[in-house]
Amino acid sequence: MALGREFVADWIARSAQAISEHRSELITLDREIGDGDHGENMDRGFTAVAVKSGDLPADATPGDVLKVVATTLISTVGGASGPLYGTAFLKGSQAVADQSELDGAALVAFLTAARDGIVLRGKAEVGDKTMIDAWTPAVDAAAAAQAEGRSEAEILAAAADAAQTGAESTDPLVARKGRASYLGERAIGHRDPGSVSTTLILRAAADAAAAA
Amino acid sequence: MTVGLVIVSHSAKIAEGVVELAGQMADGVTIVAAGGTDEGGIGTSFDKVGAAIEAAESGDGVVVLCDLGSAILTTETALDFLDDSARAGVEIADAPIVEGAVAAAVAARTGGDRAAVISAAASANGATADVSDAVSAAGAVASSDPDAGSDATSSDVHIRRVTLVNGSGLHARPAAEFVKAASAFEAVITVDGVDATSLLRIMALGRGKGSELELTAEGRDADAALDALVALVESGFGED
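So, how was this worked out
- Residues numbered from 1 in each chain as written.
- Chains lettered and ligands numbered in written order.
- Predicted model: local features only at pLDDT ≥ 70, side-chain atom pairs only at ≥ 80, totals over all residues.
- Heavy atoms only, no water.
- Pairing = 2+ DSSP bridges.
- Helix = DSSP H or I, 4+ residues; strand = E, 2+ residues; numbered from the N terminus.
- Contact = heavy atoms within 4.5 Å.
- Axes fitted to C-alpha atoms, helices over the stretch in contact; angles between N-to-C directions.
- Buried < 20%, exposed > 50% of the residue type's maximum accessible area, 1.4 Å probe, protein only.
- Lys, Arg positive; Asp, Glu negative; His and termini not counted.
- Salt bridge = Lys/Arg side-chain N within 4 Å of Asp/Glu carboxyl O.
- Polar contact = N/O pair within 3.5 Å; in protein donor to acceptor, adjacent residues only side chain to side chain.
- UniProt positions renumbered as here; feature names shortened; annotations may be inferred.
- Buried area = accessible area lost by both parts, 1.4 Å probe.
- Nonpolar A, V, L, I, M, F, W, Y, C, P; charged D, E, K, R; others polar.

### Points about the sheet that holds strand E7 (residues 194–195) of chain B
Residue and element names in this part refer to chain B. In space, the four strands of this open sheet follow the order E5-E8-E6-E7, with antiparallel pairing throughout. Two strands in the sheet have a free side with no partner beyond their single neighbour: strand E5 (157–163) and E7. Bridge count between strand E6 (residues 188–191) and E7: two bridges; the pairing is antiparallel. The residue bridging Val-191 from the neighbouring strand is Val-194, located in E7. Its contacts with the sheet place helix H11 (residues 222–234) against E5, E6 and strand E8 (212–218), and it is angled at close to 5° to E5.

Dropping the structure here:
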(Lines give C-alpha, C1' and ligand atoms only; values in the text may rest on other atoms or scores of the structure.)
Protein backbone atom coordinates (compact mmCIF):
# COMPACT_ATOMS: atom_id res chain seq x y z
CA MET A 1 0.00 0.00 0.00
CA ALA A 2 1.58 3.26 -1.16
CA LEU A 3 1.79 6.05 1.39
CA GLY A 4 0.00 9.36 0.93
CA ARG A 5 0.10 12.76 2.44
CA GLU A 6 -1.51 11.49 5.69
CA PHE A 7 1.51 9.25 6.17
CA VAL A 8 3.86 12.22 5.84
CA ALA A 9 1.78 14.23 8.33
CA ASP A 10 1.79 11.32 10.79
CA TRP A 11 5.54 10.82 10.26
CA ILE A 12 6.20 14.48 11.07
CA ALA A 13 3.96 14.38 14.15
CA ARG A 14 5.70 11.21 15.39
CA SER A 15 9.15 12.73 14.68
CA ALA A 16 8.23 15.87 16.63
CA GLN A 17 7.00 13.75 19.53
CA ALA A 18 10.06 11.46 19.52
CA ILE A 19 12.46 14.39 19.44
CA SER A 20 10.57 16.13 22.21
CA GLU A 21 10.71 12.94 24.33
CA HIS A 22 14.43 12.52 23.64
CA ARG A 23 15.27 16.19 23.95
CA SER A 24 17.27 15.75 27.18
CA GLU A 25 19.13 12.74 25.79
CA LEU A 26 20.12 14.69 22.65
CA ILE A 27 21.20 17.67 24.74
CA THR A 28 23.34 15.41 26.95
CA LEU A 29 24.97 13.67 23.98
CA ASP A 30 25.71 16.98 22.31
CA ARG A 31 27.03 18.52 25.52
CA GLU A 32 29.59 15.72 25.75
CA ILE A 33 31.13 16.25 22.32
CA GLY A 34 29.48 19.36 20.85
CA ASP A 35 27.87 22.60 21.93
CA GLY A 36 24.84 21.09 23.67
CA ASP A 37 22.17 22.70 21.50
CA HIS A 38 21.07 19.75 19.36
CA GLY A 39 18.09 18.67 21.47
CA GLU A 40 16.76 22.17 21.90
CA ASN A 41 17.31 23.11 18.25
CA MET A 42 15.69 19.97 16.86
CA ASP A 43 12.75 20.25 19.27
CA ARG A 44 12.17 23.87 18.23
CA GLY A 45 12.46 22.94 14.54
CA PHE A 46 10.11 19.98 14.59
CA THR A 47 7.59 21.80 16.78
CA ALA A 48 7.51 24.53 14.13
CA VAL A 49 7.27 21.91 11.37
CA ALA A 50 4.25 20.28 13.04
CA VAL A 51 2.48 23.66 13.11
CA LYS A 52 3.43 24.75 9.58
CA SER A 53 2.62 21.47 7.87
CA GLY A 54 -0.88 21.67 9.38
CA ASP A 55 -1.51 24.85 7.36
CA LEU A 56 -1.17 23.16 3.96
CA PRO A 57 -4.15 22.89 1.58
CA ALA A 58 -6.01 19.57 1.40
CA ASP A 59 -4.67 18.74 -2.07
CA ALA A 60 -1.01 19.07 -1.04
CA THR A 61 1.16 16.14 -2.17
CA PRO A 62 3.68 14.30 0.04
CA GLY A 63 6.37 16.28 -1.77
CA ASP A 64 4.64 19.57 -0.87
CA VAL A 65 4.55 18.61 2.81
CA LEU A 66 8.19 17.47 2.77
CA LYS A 67 9.22 20.77 1.19
CA VAL A 68 7.52 22.72 4.00
CA VAL A 69 9.39 20.50 6.47
CA ALA A 70 12.63 21.46 4.71
CA THR A 71 12.13 25.21 4.64
CA THR A 72 10.81 25.27 8.22
CA LEU A 73 13.79 23.30 9.55
CA ILE A 74 16.22 25.54 7.65
CA SER A 75 14.74 28.69 9.11
CA THR A 76 14.02 27.55 12.68
CA VAL A 77 16.65 25.06 13.86
CA GLY A 78 19.52 27.54 14.25
CA GLY A 79 22.41 25.04 14.38
CA ALA A 80 24.18 22.93 11.78
CA SER A 81 21.29 20.45 11.82
CA GLY A 82 19.00 23.11 10.29
CA PRO A 83 20.79 23.33 6.94
CA LEU A 84 21.65 19.61 7.06
CA TYR A 85 18.17 18.20 7.75
CA GLY A 86 16.63 21.04 5.75
CA THR A 87 18.70 20.19 2.70
CA ALA A 88 17.92 16.49 3.23
CA PHE A 89 14.15 17.08 3.19
CA LEU A 90 14.45 19.59 0.33
CA LYS A 91 16.39 17.25 -1.95
CA GLY A 92 14.19 14.36 -0.84
CA SER A 93 11.00 16.32 -1.61
CA GLN A 94 12.34 17.14 -5.07
CA ALA A 95 12.98 13.44 -5.74
CA VAL A 96 9.29 12.64 -5.14
CA ALA A 97 7.84 15.97 -6.28
CA ASP A 98 5.40 14.64 -8.87
CA GLN A 99 4.01 11.72 -6.87
CA SER A 100 0.68 11.74 -5.07
CA GLU A 101 1.61 8.59 -3.14
CA LEU A 102 4.95 7.13 -2.12
CA ASP A 103 5.64 3.52 -3.04
CA GLY A 104 8.77 1.57 -2.09
CA ALA A 105 10.79 2.96 -5.00
CA ALA A 106 9.77 6.52 -4.08
CA LEU A 107 10.78 5.98 -0.45
CA VAL A 108 14.21 4.75 -1.53
CA ALA A 109 14.51 7.69 -3.94
CA PHE A 110 13.55 10.06 -1.12
CA LEU A 111 16.06 8.58 1.34
CA THR A 112 18.85 8.49 -1.24
CA ALA A 113 18.30 12.10 -2.30
CA ALA A 114 18.07 13.18 1.35
CA ARG A 115 21.36 11.48 2.22
CA ASP A 116 23.03 12.93 -0.88
CA GLY A 117 21.80 16.39 0.15
CA ILE A 118 23.43 16.03 3.58
CA VAL A 119 26.69 14.90 1.98
CA LEU A 120 26.54 17.83 -0.44
CA ARG A 121 26.02 20.28 2.41
CA GLY A 122 28.25 18.81 5.10
CA LYS A 123 30.88 16.98 3.01
CA ALA A 124 30.94 14.12 5.53
CA GLU A 125 31.66 10.48 4.72
CA VAL A 126 30.84 7.29 6.56
CA GLY A 127 33.24 7.00 9.50
CA ASP A 128 33.45 10.76 10.19
CA LYS A 129 31.19 10.34 13.28
CA THR A 130 28.25 12.28 11.88
CA MET A 131 24.61 11.66 10.97
CA ILE A 132 25.88 10.17 7.69
CA ASP A 133 26.95 7.11 9.71
CA ALA A 134 23.23 6.51 10.28
CA TRP A 135 21.91 7.74 6.93
CA THR A 136 24.09 5.72 4.56
CA PRO A 137 23.40 2.29 6.11
CA ALA A 138 19.71 3.29 6.25
CA VAL A 139 19.65 4.09 2.53
CA ASP A 140 21.47 0.84 1.71
CA ALA A 141 19.11 -1.24 3.86
CA ALA A 142 16.03 0.46 2.37
CA ALA A 143 17.28 -0.18 -1.17
CA ALA A 144 17.99 -3.83 -0.37
CA ALA A 145 14.54 -4.30 1.20
CA GLN A 146 12.88 -2.65 -1.78
CA ALA A 147 14.83 -4.87 -4.19
CA GLU A 148 13.48 -7.88 -2.29
CA GLY A 149 9.95 -6.62 -2.88
CA ARG A 150 9.20 -5.77 0.76
CA SER A 151 6.31 -3.49 1.79
CA GLU A 152 6.75 0.25 2.41
CA ALA A 153 6.54 -0.30 6.17
CA GLU A 154 9.19 -3.03 5.99
CA ILE A 155 11.48 -0.84 3.88
CA LEU A 156 11.29 1.96 6.42
CA ALA A 157 11.73 -0.47 9.34
CA ALA A 158 14.88 -1.81 7.67
CA ALA A 159 16.13 1.78 7.26
CA ALA A 160 15.43 2.60 10.92
CA ASP A 161 17.15 -0.60 12.16
CA ALA A 162 20.21 0.13 10.02
CA ALA A 163 20.29 3.75 11.23
CA GLN A 164 20.21 2.51 14.83
CA THR A 165 23.17 0.18 14.19
CA GLY A 166 24.93 2.99 12.32
CA ALA A 167 24.42 5.38 15.24
CA GLU A 168 25.89 2.81 17.64
CA SER A 169 28.87 2.44 15.31
CA THR A 170 29.83 6.09 15.97
CA ASP A 171 30.69 5.36 19.63
CA PRO A 172 34.37 4.39 19.12
CA LEU A 173 35.08 6.94 16.38
CA VAL A 174 37.14 10.12 16.38
CA ALA A 175 35.09 12.88 14.72
CA ARG A 176 36.34 14.35 11.47
CA LYS A 177 33.52 16.85 10.89
CA GLY A 178 31.60 19.29 13.04
CA ARG A 179 32.25 20.69 16.49
CA ALA A 180 33.26 17.27 17.88
CA SER A 181 36.25 17.21 15.50
CA TYR A 182 37.93 19.79 17.76
CA LEU A 183 37.98 17.22 20.58
CA GLY A 184 40.18 14.61 18.90
CA GLU A 185 40.31 11.38 20.88
CA ARG A 186 38.13 12.81 23.63
CA ALA A 187 35.15 12.13 21.34
CA ILE A 188 35.79 8.38 21.59
CA GLY A 189 33.13 6.58 23.60
CA HIS A 190 30.41 9.11 22.84
CA ARG A 191 27.61 8.63 20.31
CA ASP A 192 27.11 11.25 17.63
CA PRO A 193 23.91 13.20 18.44
CA GLY A 194 23.00 13.71 14.77
CA SER A 195 23.10 9.97 14.15
CA VAL A 196 20.72 9.53 17.11
CA SER A 197 18.22 12.14 15.87
CA THR A 198 18.41 10.55 12.40
CA THR A 199 17.46 7.21 13.95
CA LEU A 200 14.52 8.83 15.79
CA ILE A 201 13.23 10.40 12.57
CA LEU A 202 13.56 7.20 10.53
CA ARG A 203 11.98 5.13 13.34
CA ALA A 204 9.06 7.60 13.33
CA ALA A 205 8.72 7.03 9.57
CA ALA A 206 8.65 3.26 10.05
CA ASP A 207 6.05 3.52 12.84
CA ALA A 208 3.88 5.88 10.77
CA ALA A 209 4.05 3.50 7.79
CA ALA A 210 3.16 0.53 9.99
CA ALA A 211 0.13 2.42 11.32
CA ALA A 212 -1.03 3.61 7.88
CA MET B 1 32.14 50.41 -7.07
CA THR B 2 32.03 48.90 -3.62
CA VAL B 3 31.68 45.26 -2.70
CA GLY B 4 29.40 44.69 0.30
CA LEU B 5 30.31 42.42 3.22
CA VAL B 6 28.20 40.14 5.41
CA ILE B 7 29.47 38.86 8.75
CA VAL B 8 27.85 35.58 9.82
CA SER B 9 28.59 34.50 13.38
CA HIS B 10 26.95 32.24 15.94
CA SER B 11 26.96 35.23 18.24
CA ALA B 12 25.14 38.49 17.51
CA LYS B 13 27.78 40.29 19.59
CA ILE B 14 30.66 38.86 17.56
CA ALA B 15 28.97 39.77 14.27
CA GLU B 16 28.25 43.31 15.45
CA GLY B 17 31.75 43.68 16.90
CA VAL B 18 33.39 42.59 13.65
CA VAL B 19 31.20 45.03 11.70
CA GLU B 20 32.30 47.78 14.08
CA LEU B 21 35.99 46.89 13.89
CA ALA B 22 36.14 46.42 10.11
CA GLY B 23 33.92 49.44 9.51
CA GLN B 24 36.36 51.67 11.35
CA MET B 25 38.85 51.09 8.55
CA ALA B 26 36.42 51.12 5.67
CA ASP B 27 34.25 54.18 5.62
CA GLY B 28 31.53 53.86 2.99
CA VAL B 29 31.65 50.07 2.69
CA THR B 30 28.36 48.35 3.51
CA ILE B 31 29.06 45.71 6.17
CA VAL B 32 26.05 43.88 7.56
CA ALA B 33 25.94 41.70 10.68
CA ALA B 34 24.02 38.41 10.67
CA GLY B 35 24.73 36.96 14.09
CA GLY B 36 22.77 34.67 16.39
CA THR B 37 19.42 32.97 15.99
CA ASP B 38 16.09 34.67 15.32
CA GLU B 39 15.48 34.62 19.08
CA GLY B 40 18.87 36.25 19.76
CA GLY B 41 20.48 33.04 21.04
CA ILE B 42 23.71 31.38 19.97
CA GLY B 43 23.37 29.89 16.48
CA THR B 44 22.81 31.05 12.94
CA SER B 45 19.65 32.22 11.24
CA PHE B 46 18.84 31.42 7.63
CA ASP B 47 16.50 34.43 7.49
CA LYS B 48 19.04 36.85 8.97
CA VAL B 49 21.74 35.68 6.56
CA GLY B 50 19.42 36.00 3.56
CA ALA B 51 18.31 39.49 4.60
CA ALA B 52 21.90 40.60 5.25
CA ILE B 53 23.05 39.45 1.81
CA GLU B 54 20.21 41.40 0.23
CA ALA B 55 21.07 44.50 2.29
CA ALA B 56 24.79 44.30 1.41
CA GLU B 57 24.26 43.96 -2.35
CA SER B 58 24.54 47.29 -4.10
CA GLY B 59 25.27 45.85 -7.53
CA ASP B 60 28.99 45.16 -7.12
CA GLY B 61 28.73 41.83 -5.33
CA VAL B 62 28.86 40.55 -1.77
CA VAL B 63 31.53 38.69 0.17
CA VAL B 64 30.42 36.68 3.22
CA LEU B 65 32.68 35.90 6.18
CA CYS B 66 31.64 33.10 8.52
CA ASP B 67 32.77 31.74 11.85
CA LEU B 68 32.21 28.09 12.88
CA GLY B 69 30.84 25.27 10.70
CA SER B 70 27.10 25.82 10.81
CA ALA B 71 27.51 29.49 9.89
CA ILE B 72 28.98 28.27 6.60
CA LEU B 73 26.27 25.61 6.20
CA THR B 74 23.52 28.16 6.84
CA THR B 75 25.09 30.64 4.42
CA GLU B 76 25.49 28.00 1.70
CA THR B 77 21.87 27.02 2.18
CA ALA B 78 20.78 30.67 1.94
CA LEU B 79 22.76 30.97 -1.30
CA ASP B 80 20.93 27.92 -2.71
CA PHE B 81 17.65 29.78 -2.23
CA LEU B 82 18.76 32.87 -4.19
CA ASP B 83 17.86 33.09 -7.86
CA ASP B 84 20.75 32.48 -10.26
CA SER B 85 21.56 36.13 -10.97
CA ALA B 86 21.63 37.05 -7.26
CA ARG B 87 23.59 33.88 -6.45
CA ALA B 88 26.26 34.79 -9.00
CA GLY B 89 27.12 37.97 -7.09
CA VAL B 90 27.83 36.35 -3.73
CA GLU B 91 30.90 34.49 -2.55
CA ILE B 92 31.94 33.01 0.81
CA ALA B 93 35.49 33.88 1.88
CA ASP B 94 37.77 31.16 3.20
CA ALA B 95 39.22 33.28 5.98
CA PRO B 96 39.21 33.82 9.74
CA ILE B 97 36.22 36.02 10.51
CA VAL B 98 37.92 38.93 12.30
CA GLU B 99 41.18 39.30 10.40
CA GLY B 100 39.53 38.31 7.13
CA ALA B 101 36.78 40.91 7.56
CA VAL B 102 39.31 43.67 8.24
CA ALA B 103 41.36 42.78 5.17
CA ALA B 104 38.23 42.39 3.03
CA ALA B 105 36.78 45.70 4.21
CA VAL B 106 39.95 47.62 3.42
CA ALA B 107 40.18 45.97 0.00
CA ALA B 108 36.56 46.91 -0.70
CA ARG B 109 37.23 50.45 0.52
CA THR B 110 40.06 50.90 -1.98
CA GLY B 111 37.82 49.83 -4.85
CA GLY B 112 38.77 46.16 -5.09
CA ASP B 113 36.36 43.98 -7.04
CA ARG B 114 34.89 40.79 -5.57
CA ALA B 115 37.89 38.65 -6.51
CA ALA B 116 40.26 41.18 -4.92
CA VAL B 117 38.18 41.29 -1.73
CA ILE B 118 38.07 37.48 -1.54
CA SER B 119 41.81 37.32 -2.05
CA ALA B 120 42.44 40.00 0.60
CA ALA B 121 40.30 38.04 3.07
CA ALA B 122 42.13 34.81 2.25
CA SER B 123 45.48 36.54 2.87
CA ALA B 124 44.47 36.53 6.55
CA ASN B 125 44.91 32.75 6.67
CA GLY B 126 48.04 32.11 8.72
CA ALA B 127 49.06 35.79 8.55
CA THR B 128 50.21 35.87 12.16
CA ALA B 129 52.37 32.77 11.78
CA ASP B 130 54.02 34.14 8.65
CA VAL B 131 54.89 37.40 10.35
CA SER B 132 56.57 35.62 13.24
CA ASP B 133 58.39 33.37 10.75
CA ALA B 134 59.64 36.45 8.91
CA VAL B 135 60.76 38.06 12.16
CA SER B 136 62.66 34.97 13.32
CA ALA B 137 64.22 34.54 9.86
CA ALA B 138 65.39 38.15 9.96
CA GLY B 139 66.90 37.54 13.40
CA ALA B 140 68.78 34.50 12.11
CA VAL B 141 70.30 36.48 9.24
CA ALA B 142 71.35 39.33 11.55
CA SER B 143 73.19 37.00 13.91
CA SER B 144 75.07 35.14 11.17
CA ASP B 145 78.22 36.04 9.26
CA PRO B 146 77.63 39.28 7.30
CA ASP B 147 79.32 37.77 4.19
CA ALA B 148 76.83 34.92 4.24
CA GLY B 149 74.08 37.52 4.37
CA SER B 150 75.30 39.28 1.25
CA ASP B 151 75.77 35.97 -0.57
CA ALA B 152 72.15 35.17 0.10
CA THR B 153 71.11 38.27 -1.81
CA SER B 154 71.16 37.18 -5.42
CA SER B 155 72.05 39.77 -8.05
CA ASP B 156 68.56 39.29 -9.54
CA VAL B 157 66.93 40.74 -6.45
CA HIS B 158 66.55 44.50 -6.65
CA ILE B 159 66.55 46.36 -3.35
CA ARG B 160 65.37 49.89 -2.61
CA ARG B 161 64.93 51.83 0.64
CA VAL B 162 62.26 54.46 1.18
CA THR B 163 61.02 56.38 4.21
CA LEU B 164 57.35 56.69 5.13
CA VAL B 165 56.35 60.35 5.17
CA ASN B 166 52.60 60.18 5.76
CA GLY B 167 51.06 60.53 9.21
CA SER B 168 49.56 57.06 9.61
CA GLY B 169 52.46 55.13 8.01
CA LEU B 170 51.48 51.73 6.59
CA HIS B 171 48.11 51.75 8.31
CA ALA B 172 45.00 50.22 6.74
CA ARG B 173 44.27 52.47 3.77
CA PRO B 174 47.87 53.21 2.75
CA ALA B 175 48.71 49.52 3.20
CA ALA B 176 45.79 48.61 0.95
CA GLU B 177 46.96 51.05 -1.73
CA PHE B 178 50.46 49.65 -1.44
CA VAL B 179 49.15 46.09 -1.90
CA LYS B 180 47.02 47.16 -4.85
CA ALA B 181 50.03 48.75 -6.53
CA ALA B 182 52.32 45.79 -5.75
CA SER B 183 49.75 43.32 -7.11
CA ALA B 184 49.88 44.98 -10.53
CA PHE B 185 53.42 43.66 -11.19
CA GLU B 186 54.68 40.22 -12.08
CA ALA B 187 57.73 40.61 -9.86
CA VAL B 188 57.79 38.94 -6.44
CA ILE B 189 57.95 41.89 -4.07
CA THR B 190 58.60 42.06 -0.33
CA VAL B 191 58.47 44.90 2.14
CA ASP B 192 60.67 44.42 5.20
CA GLY B 193 60.70 40.70 4.45
CA VAL B 194 56.96 40.13 4.08
CA ASP B 195 54.89 39.52 0.96
CA ALA B 196 53.97 42.93 -0.46
CA THR B 197 50.62 41.62 -1.72
CA SER B 198 49.44 40.59 1.75
CA LEU B 199 47.54 43.42 3.38
CA LEU B 200 47.47 41.91 6.86
CA ARG B 201 51.14 41.00 6.87
CA ILE B 202 52.03 44.55 5.89
CA MET B 203 49.69 46.02 8.50
CA ALA B 204 51.16 43.65 11.09
CA LEU B 205 54.61 45.18 10.48
CA GLY B 206 53.25 48.28 12.22
CA ARG B 207 55.50 50.70 10.31
CA GLY B 208 54.73 54.34 11.19
CA LYS B 209 55.78 57.75 9.90
CA GLY B 210 59.57 58.07 9.64
CA SER B 211 60.17 54.31 9.33
CA GLU B 212 62.53 53.24 6.58
CA LEU B 213 61.17 50.36 4.48
CA GLU B 214 63.31 47.89 2.59
CA LEU B 215 61.62 46.88 -0.64
CA THR B 216 62.88 43.96 -2.69
CA ALA B 217 61.67 42.83 -6.09
CA GLU B 218 62.63 39.88 -8.23
CA GLY B 219 61.35 39.32 -11.74
CA ARG B 220 61.04 40.80 -15.19
CA ASP B 221 59.45 44.11 -14.13
CA ALA B 222 61.26 44.41 -10.78
CA ASP B 223 62.70 47.84 -11.49
CA ALA B 224 59.42 49.30 -12.67
CA ALA B 225 57.68 47.84 -9.61
CA LEU B 226 60.17 49.42 -7.23
CA ASP B 227 59.95 52.78 -9.06
CA ALA B 228 56.19 52.76 -8.70
CA LEU B 229 56.17 51.68 -5.05
CA VAL B 230 58.86 54.13 -3.98
CA ALA B 231 56.93 56.91 -5.72
CA LEU B 232 53.73 55.84 -3.97
CA VAL B 233 55.37 55.82 -0.52
CA GLU B 234 57.10 59.18 -1.18
CA SER B 235 53.79 60.68 -2.28
CA GLY B 236 52.49 60.06 1.25
CA PHE B 237 49.50 58.10 -0.07
CA GLY B 238 47.64 61.38 -0.44
CA GLU B 239 47.90 62.09 3.31
CA ASP B 240 49.54 65.04 5.02
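Moving on, there is more to tell.
### Observations regarding the side chain of Lys-129 of chain A
Residue and element names in this part refer to chain A. Within the secondary structure layout, Lys-129 lies in the loop between helix H6 (104–122) and helix H7 (132–147). Buried and unpaired, Lys-129 has no salt bridge, with Asp-171 as the nearest side chain of opposite charge at 6.0 Å. From its side chain, Lys-129 meets the backbone oxygen of Ala-187 in a polar contact 3.0 Å long. Each residue touching Lys-129, except ones within four places of it in the same chain, is listed here: Ile-33, Thr-170, Asp-171, Leu-173, Val-174, Ala-175, Ala-187, Ile-188, Gly-189, His-190 and Asp-192.

### Let's talk about the UniProt feature "domain: DhaL" (unreviewed entry) in chain A
The UniProt feature table records "domain: DhaL" (unreviewed entry) at residues 6–207 of chain A. Helix makes up 69% of residues 6–207 of chain A and strand makes up 0%, while its end C-alpha atoms are separated by 13 Å.

### Structural notes on the side chain of Arg-121 of chain A
Relative to the assigned elements, Arg-121 of chain A resides in helix H6. For Arg-121 of chain A, a relative accessible area of 5% puts it in the buried group. In terms of polar contacts, Arg-121 of chain A uses its side chain to reach the side chain of Thr-77 of chain B, at 3.1 Å. Those residues within four positions of Arg-121 of chain A in sequence are excluded, and the remaining contacts are Pro-83, Leu-84 and Thr-87 of chain A together with Leu-73, Glu-76, Thr-77 and Asp-80 of chain B.

### With respect to the interface of chain B and chain A
On the side of chain A, 16 residues touch chain B, which itself brings 16 residues to the contact. When chain B packs against chain A, close to 1,200 Å² is buried across both sides, 56% of that on carbon and sulfur atoms. The tally of links between chain B and chain A comes to two salt bridges. A salt bridge links Asp-80 of chain B to Arg-121 of chain A; the shortest N-O distance between them is 2.3 Å. If you look at where chain B meets chain A, you find four residue pairs in polar contact (both at pLDDT 80 or more). Going through the elements one at a time, helix H2 (46–56) and helix H3 (69–80) of chain B are the ones with two or more residues in the side of chain B that touches chain A. If you tally residues by element for the side of chain B that touches chain A, the top one is H3 of chain B, at six residues. Here the residues of the side of chain B that touches chain A are counted per class, giving four nonpolar, seven polar and five charged.

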